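Examination of the molecular architecture
This is what each chain is made of:
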Amino acid sequence: MLDNSHIQIAPSILSADFAELGRYVAMASESGADSIHVDIMDGQFVPTITWGPRTVEAIKKWSNVPLDVHLMIYNPENQVDSFIDAGANTINVHVESCNHLNRTIQQIKARGAKAGVAINPSTPLGVLQEILPFIDQVLVMSVNPGFPSQKYIPGSEGKISRVKEMISQANLDVTIEVDGGINADTARLAVDAGADILVAGSAIYDHQHGVKSAIELLRSSISS
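Note that the coordinates shown come from a computational prediction; the quantities given were computed from them, not determined experimentally.

The buried count for strand E6 (residues 137-141) comes to 5 of 5 residues, which makes it a mostly enclosed element. Because side chains alternate across E6, one face comprises the buried residues Gln137, Leu139 and Met141, and the other comprises Val138 and Val140, equally buried. Two elements, strand E5 (residues 114-119) and E6, share 4 bridges in a ladder whose sense is parallel. Looking at E6, one finds that isoleucine 119 is bridged to valine 140.

If you want it as structure tokens, here you go:
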């Protein structure tokens, strides 16, 4: 059987209590999270508005694991430096919202952060072909971005496996992160398809037995 001990868990604070973000970040960090996923939304690329760089700067003080920042915004190149200055360790930008993707990836890497490219459910994978050699991770959305607590889109594992095949064929060291509707039932689907990092929000922060138990349950669901 496959050894899935390398799979990382990234709690999404989009499902946390906004009034106590620092405490919820610390809770996840101390409960075995590998990173904290921070969703930044501008109200235009997606319907919701969340936070800016100052929030990232504030929660950085509460985290002992990396911050994985997901920019669901138009023209992310205008904000990349501010989020890295605030403490982001990884910056994910959407292929659908970035006019000059290669240049934006270069901008992120030049600042010493990891660079990821996010792709929406209906976006064809061909758009990754030219940028894949220059990035650290692909963020596959298994829901349409913009809201927490959505259900995993059935069949998303097919897209994950095709991304995995693209990476393998090119012999690249690129990780696959999956975000959307991840819980104890869907986590194994994503991992079996090739996911390396699982972003989970409500499955972690709304769990009746707490954050630590939720992370342990996710790890158990994907263990060999």
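Next comes the rest of the description.
To continue, consider the sheet that holds strand E4 (residues 90-94). Read from one edge to the other, the open sheet built from 8 strands follows the order E1-E8-E7-E6-E5-E4-E3-E2, with strand pairing classed as parallel. If you trace the sheet from one side to the other, it starts and ends with strand E1 (8-11) and strand E2 (36-41), each paired once. Between one strand axis and the next, the sheet turns by 25° as a mean value, whatever way the strands run. Relative to strand E3 (residues 67-72), E2 runs parallel, the two being bridged by 6 bridges.

Right, let's get into the layout of surface pockets. Reported here for the largest pocket is a volume of approximately 320 Å³. Taken together, 25 residues make up the lining of the largest pocket; nearest its centre are Pro148, Ser149, Gln150, Gly180 and Gly181. Looking at the lining of the largest pocket, the elements that each hand over two or more residues are E2, strand E8 (197-200) and helix H7 (202-205). Here the residues of the lining of the largest pocket are counted per class, giving 12 nonpolar, 10 polar and 3 charged. Of the volumes computed, that of the second largest pocket is approximately 280 Å³.

What follows is about the side chain of serine 12. Along the chain, serine 12 turns up in the loop between E1 and helix H1 (21-29). On the accessibility criterion, serine 12 (5% relative accessible area) is buried. Side chain to side chain, serine 12 and aspartate 39 meet in a polar contact 3.0 Å long. Serine 12 has contacts with His37, Asp39, Val199, Ala200, Gly201 and Tyr205, leaving out every residue within four places of it along the chain.

Moving on, we come to the nonpolar core. By size, the foremost hydrophobic cluster in this structure holds 66 residues, and its most contacted members are Ile13, Ile91 and Leu198. Tallying contributions element by element places helix H8 (residues 211-222) first for this core, with 5 residues. Each residue touching leucine 198, except ones within four places of it in the same chain, is listed here: Ile7, Gln8, Ile9, Ala10, Val178, Ile182, Ala187, Ala190, Val191 and Ile222. Membership of the second largest hydrophobic core comes to 5 residues, among which are Leu14, Met41, Phe45 and Met72.

Among the secondary structure elements, tyrosine 152 is positioned in the loop between E6 and helix H5 (156-169). Here the alpha-carbon distance between tyrosine 152 and isoleucine 91, two residues 61 residues apart in the chain, equals 23 Å. Setting aside its immediate chain neighbours within four residues, tyrosine 152 contacts Ser142, Val143, Glu157, Ile160, Gly180, Gly181, Ile182, Thr186 and Leu189. There is a polar contact of 2.6 Å between the side chain of tyrosine 152 and the side chain of glutamate 157.

Scoring rules and cut-offs
- Residues numbered from 1 in each chain as written.
- Predicted model: local features only at pLDDT ≥ 70, side-chain atom pairs only at ≥ 80, totals over all residues.
- Heavy atoms only, no water.
- Buried < 20%, exposed > 50% of the residue type's maximum accessible area, 1.4 Å probe, protein only.
- Helix = DSSP H or I, 4+ residues; strand = E, 2+ residues; numbered from the N terminus.
- Pairing = 2+ DSSP bridges.
- Axes fitted to C-alpha atoms, helices over the stretch in contact; angles between N-to-C directions.
- 1 Å grid on protein atoms, 1.4 Å probe; cavity = no way out; pocket = protein on both sides within 12 Å on 5 of 7 lines; lining within 4 Å.
- Points joined across faces, edges and corners; volume = space filled by probe spheres on them.
- Nonpolar A, V, L, I, M, F, W, Y, C, P; charged D, E, K, R; others polar.
- Polar contact = N/O pair within 3.5 Å; in protein donor to acceptor, adjacent residues only side chain to side chain.
- Contact = heavy atoms within 4.5 Å.
- Core = buried A, V, L, I, M, F, W, Y, C linked by side-chain atoms within 4.5 Å.

Keep in mind that these numbers describe shape and distance, not what the molecule does.
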